[in-house]
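# Descriptive analysis of the structure
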Amino acid sequence: MAIAADALPAPASRRTLRMTLAGVFGPLGQVFIFVVGSAIVLSVITVLVAFLLRGTRTNVDLVQATLTILPQVIVDGLVRGFLFATIALGYTMVYGVLEFINFAHGEIFMVGAFSGAALGTVLAASGMLNAIPPLLFVLIAVIVGMLVSGMLAMTIERVAYRPLRNAPRLVPLISAIGVSLLLQDGMRLIANVTGLGFNARFPTPNFGPPLQLAQIPAADGRTIPLILDVRALIFIVAATLMLIGLNYLVNATKLGTAIRAVAQDRPTASLMGINVNQIIALTFLIGGALGGAAGVLFGIRVGTVNPYIGFLPGLKAFTAAVLGGIGNIPGAMVGGIVLGFLEAFVASYLSLLTGGAFSGASYADIVAFAILILILIFRPSGLLGEAVAQKV
């Protein structure tokens, strides 16, 4: 994993505020450009297809119908994208340091979700849940999820991965799959024993009604509201804050410098006095904590969690990390958001444009994994994999 010489962080004494701000907020610019760019490109393609198919349906004007629901599709895609992006950050952290795909990360996400559900259940049983302000509850639940998942990830690294660090790459990969299955069944056992149940409810305070952003006039004279759920808004804001915090950690702190040094050359970093094992353990701690936070926010949004909720989102987040350039932090965010947009457009428009011949929601997963195959064939480095020299 190469890091360009001019990209290496300056010593703290020479680091200026401008450099720090550029390192922390610069990647947000890349993410913003890709968010706007992908929304525009997908919208233009969809409207163009609707225009070409106009007249093939007598009961609906495809162009009018496409334009009417387009703003809501973009909002939904953004929410899906931030879900994939927050999970993908954990994949990319671990891969950046060890060049190892931690397939148990989806289950670490699931454990975070159960931690939040357990907290909500305890507060609900004590009668305190509705007395807590919603945002304070989110903050407490996220902290609990981050602590539990972060410590779990660090423990997994110590027990299941570190002894295999010098083994052939296939060996730790198989170990990761084993850990994934172990966590699924272990959580199923714990959920049943503790009374949470297989499909555990995620009690939360009342977040209020969804935010109505606009009223869009439809062809038949009705108006269609453009809404954004408060939970989804919290998810987007939290994911953005996590990206900023992670960039600050990596680009502006001594720990980040040590992580980058270990990612570039472990033996040399060790000779420079860096405790490689400690840095790798901390990387798992940070990646696991991010996964735990994502799990809690996901649970708050959907209201129910089960031991298998991490499997499919985990695979899609891995796809997102590969799409953006695995090992690249802004790439994980970009890949997640682009994938979220693709899924939302397919789920919303495929049925409309094919006259109901294909159910869009059923084909959204196919799109995600078709993208993974195409990327691995034509651009294995991902969208930002080569353009950004700094990697974790």
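Residues numbered from 1 in each chain as written. Predicted model: local features only at pLDDT ≥ 70, side-chain atom pairs only at ≥ 80, totals over all residues. Heavy atoms only, no water.

### Structural notes on the overall build of the protein chain
Counted only if it meets this: Secondary structure is summarised from DSSP: a helix means a run of H or I of at least four residues, a strand means a run of E of at least two, and numbering begins at the N terminus for each. For the radius of gyration, the atom set is restricted to C-alpha positions; the globular benchmark scales as 2.2 Å times the number of residues to the power 0.38. Only protein chains enter the accessibility calculation, which uses a 1.4 Å probe. A residue is then buried if its area is under 20% of the maximum for its type, exposed if over 50%, and partly exposed in between. Throughout, a contact is declared for two residues whenever any of their heavy atoms are within 4.5 Å.
When you go through the protein chain residue by residue, the secondary structure sums to 12 helices and 4 strands. The C-alpha radius of gyration of the protein chain comes to 22 Å, within 12% of the 21 Å expected for a compact globule of 392 residues. Principal axes of the C-alpha set define a box for the protein chain whose edges measure 70 × 55 × 45 Å. With 392 residues in all, the protein chain has 49% of them scored as buried. Taking as baseline every contact in the protein chain between residues at least 6 positions apart, the subset at least 24 positions apart corresponds to 78%.

### Observations regarding the packing of aromatic side chains
Spelled out, the test is: Stacked, edge-to-face and tilted labels apply to pairs of Phe, Tyr and Trp rings (six-membered ring for Trp) whose centres lie within 6.5 Å, assigned for plane angles under 30 degrees, over 60, and everything in between, in that order.
Going through the model one piece at a time under the given rule, you end up with 6 aromatic pairs. Residues Phe109 and Phe298 carry aromatic rings whose centres are separated by 5.5 Å and whose planes lie at 55° to one another, so their mutual orientation is tilted. With Phe109 in helix H3 (residues 105–126) and Phe298 in helix H9 (residues 276–302), this residue pair connects regions lying 189 residues apart in the sequence. For the pair Phe109 and Phe298, a shared accessibility class is recorded, and that class is buried. Here the aromatic cluster, defined as three or more aromatic residues joined through ring pairs, consists of Tyr91, Phe103 and Phe318.

### Describing the environment of Ile329
Inspection of the secondary structure assignment puts Ile329 in helix H11 (residues 329–353). Exposure remark for Ile329: the relative accessible area of 4% places this residue in the buried category.

### Some points on the pattern of salt bridges
Once their charged atoms are close, side chains differing in charge can pair, the charge on each being opposite to the other. Condition: One speaks of a salt bridge when a side-chain nitrogen belonging to Lys or Arg is within 4 Å of a carboxyl oxygen belonging to Asp or Glu.
Per the stated rule, a full pass over the model turns up 6 salt bridges. The shortest N-O distance in the salt bridge between Asp229 and Arg231 comes to 3.8 Å. Using a relative accessible area of 25% as the deciding quantity, one classes Asp229 as partly exposed. Connected through shared salt-bridge partners, Arg80, Lys316 and Glu343 make up one network.

### Here's the deal with the packing of helix H4 (residues 134–161) against helix H5 (residues 170–194)
Definition in use: Axes here refer to lines fitted to C-alpha atoms; in helices the fit is confined to the stretch in contact. Angles between the N-to-C directions go from 0 to 180 degrees. Every angle not falling under 35 degrees, over 145, or within 65 to 115 is termed oblique; those three ranges are roughly parallel, roughly antiparallel and roughly perpendicular. A clockwise turn of the near helix away from the far one marks a right-handed crossing, whereas an anticlockwise turn of less than a right angle marks a left-handed crossing.
For the pair H4 and H5, the least separation of the axes is 11 Å and the interaxial angle reads 130°. The angle between H4 and H5 places the two elements in the oblique class. Seen from above, H4 lies across H5 with right-handed handedness. Residues Leu152, Ile156, Ala160 and Tyr161 of H4 form the contact with H5, whose own contacting residues are Pro172, Ser175, Ala176, Val179 and Leu183.

### Remarks on the side chain of Thr86
With respect to the secondary-structure elements, Thr86 resides in helix H2 (residues 62–98). The exposure class assigned to Thr86 is buried, which follows from its relative accessible area of 0%. If near-sequence neighbours (up to four positions away) are discounted, Thr86 is found in contact with Phe235, Ala239, Met242, Leu290 and Ala294.

### Observations regarding the nonpolar core
Spelled out, the test is: Here, the term nonpolar core denotes a set of buried Ala, Val, Leu, Ile, Met, Phe, Trp, Tyr and Cys residues that are joined through side-chain atoms within 4.5 Å.
One finds Phe137, Tyr161, Leu246, Leu297 and Val305 to be the most contacted residues of the largest nonpolar core, which totals 110 residues. Per element, the largest residue contribution to this core is 19 residues, and it comes from H2.

### A look at H11
Here is the rule: The span expected for a helix works out to 1.5 Å for each residue beyond the first. Each residue is assigned a bend, namely the angle between axes fitted to the seven residues that terminate at it and the seven residues that start at it.
With 25 residues, H11 should reach 36 Å at 1.5 Å per residue; the first-to-last C-alpha distance of 36 Å fits that figure. Roughly 30° is the biggest bend found in H11, and it falls at Val346. The buried count for H11 comes to 20 of 25 residues, which makes it a mostly enclosed element. Two residues or fewer past H11, Gly355 is found with a positive phi of approximately 65°.

### Overview of the confidence of the model for the protein chain
Stated formally: The predictor attaches a confidence to each residue, and that confidence, scored 0 to 100, is pLDDT.
The pLDDT averaged across the protein chain works out to 83; a share of 92% of its residues lies at or above 70. Within the model, pLDDT remains below 50 along residues 1–10, and this stretch shows 24 contacts once partners closer than five positions in the same chain are excluded.

### Remarks on H4
Over its 28 residues, H4 runs 38 Å from end to end, which matches the ideal 40 Å to within 8%, given 1.5 Å per residue. Where H4 is buried, its residues contact H3, H5, helix H6 (230–252) and H9.

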